[in-house]
Each structure stands twice: as structure tokens, then as C-alpha cells.
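Close look at the chain arrangement
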Amino acid sequence: MEREKRLTAGLDMGKMESLARLAEMAGGEVVGDPEVTIQGVNDLALAGANEITFISHPKMVEQANASRAGAVIIPSDVDDIEKPAIRVREPYLAIAIIH
């Protein structure tokens, strides 16, 4: 039942959500400040300070750290992220749930 709630949740693009709430929706673990607020989802290269993006491989950590994104969804094997993040087993699924 809880997984069903997560799958139907999604981010209301006009509403700010805390990173902690997004992690709960996606079934992930917060890395960094759980109170960071996010208003939308965007591509790694385009994400701004109030948006979340994702990486699917540890090789993308440098790009994520250099991005303007407010937060990043990261795979469970990434440890060296410098931004607030949500650590998950399946980044593609997590971004789809949040989006």
C-alpha cells in the first residue's frame, strides 16, 4: 500500500517540497540537508537552484557537483556527492516517481 502511495504522489510543479518529503516519496535516503526545498525536476545540465535532477552512474558525480541543481538523486553506490541528495537503488524510477 505504501509503495502505491509513492507511485501516485508526484511533485506538484507549483508547490515546494522538502528533500525529506521527496526522499519519502521515492523510497530513498537523504544525504545532506533534508529541509532543502525543491519546486521542479530538470535535466542535469539545465537544473536550477530550486530543482532536482539525477545521475544514473558514479561517473557522473563531477557533473552533478558542478551543476546548478538544488539537489540530485544518486545511485546507492555514490558517496562523494557535494550537494543535497537522495540516495536510491534505482535513480530512473525515483525521478519518475517524483516527476
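Residues numbered from 1 in each chain as written. Predicted model: local features only at pLDDT ≥ 70, side-chain atom pairs only at ≥ 80, totals over all residues. Heavy atoms only, no water.

A look at the sheet that holds strand β7 (residues 85-88)
Convention followed: The criterion for strand pairing is that DSSP finds at least two bridges linking the strands in question. Each helix is a run of DSSP H or I of at least 4 residues and each strand a run of E of at least 2, with the numbering of both proceeding from the N terminus. In this analysis, two residues are considered to be in contact whenever any of their non-hydrogen atoms come within 4.5 Å of each other. To define axes, lines are fitted to C-alpha atoms, for helices over the stretch in contact only, and angles between the resulting N-to-C directions are given on a 0 to 180 degree scale.
Across the sheet, which stays open at both edges, the five strands sit in the order β2-β7-β6-β5-β4 with mixed pairing between neighbours. On the outer flanks of this sheet lie β2 (29-31) and β4 (40-41), each paired with one strand and no other. Direction of pairing for strand β5 (residues 51-54) relative to strand β6 (residues 71-75): parallel, over a ladder of three bridges. Within the sheet, the bridge partner assigned to Phe54 lies in β6 and is Ile73. In this fold helix α2 (residues 19-26) packs onto β2, β5, β6 and β7, with an angle of close to 15° to the strand it touches most, β7.

Description of the confidence of the model for the chain
Using the following cut-off: Per-residue confidence from the predictor is given as pLDDT, running between 0 and 100.
When pLDDT is averaged across the chain, the result is 89; 86% of the residues are at 70 or more. Note on residues 1-9: pLDDT under 50 across the span, and nine contacts to partners over four residues away in sequence or across chains.

Observations regarding the pairing of β6
As a reminder, the rule being used: Three labels apply to residues, based on accessible area from a 1.4 Å probe with only protein chains included: buried if under 20% of the type maximum, exposed if over 50%, partly exposed otherwise in between. The crossover handedness rule: strands pointing away from the viewer, path from first strand over the helix to second strand clockwise, crossover right-handed.
In terms of burial, β6 is a largely internal element, five of the five residues being buried. Judged by which residues are buried, β6 turns out to be covered on both faces: Ala71, Ile73 and Pro75 on one side and Val72 and Ile74 on the other are all buried. The parallel pair β5 and β6, bridged by helix α3 (residues 61-66), forms a crossover whose chirality is right-handed.

Brief notes about helix α4 (residues 91-98)
Quick reminder of the rule: Each C-beta atom gives one direction from the helix axis, and the arc is the one those directions make.
If you check which residues of α4 are buried, you get Pro91, Ala94, Ile95, Ile97 and Ile98. Burial along α4 is one-sided: seen end-on, the buried residues are contained in an arc of 160°. Projecting away from the buried face of α4 at angles above 90 degrees are the exposed residues Tyr92 and Ala96.

Observations concerning the nonpolar core
Under the convention used in this document: In these notes, a set of buried Ala, Val, Leu, Ile, Met, Phe, Trp, Tyr and Cys residues joined through side-chain atoms within 4.5 Å is what counts as a nonpolar core.
Counting residues in each nonpolar core, the largest one holds 16 residues, and the members touching the most others are Leu19, Leu22, Ile38, Ile52, Ile73, Ile86 and Ile98. Broken down by secondary-structure element, the contributors of at least two residues to this core are α2, β6, β7 and α4. Core analysis: the next-biggest nonpolar cluster, separate from the first, contains ten residues, Val31, Leu44, Val78 and Ala85 among them.

Some points on the side chain of Ser18
What counts, and what does not: Two N or O atoms count as a polar contact when they lie within 3.5 Å, although within protein this holds only if one can serve as hydrogen donor and the other as acceptor, and sequence-adjacent residues are included solely when both atoms are side-chain atoms.
When you line up the elements, Ser18 lands in strand β1 (residues 17-18). A distance of 3.1 Å separates a polar atom in the side chain of Ser18 from the backbone nitrogen of Arg21.

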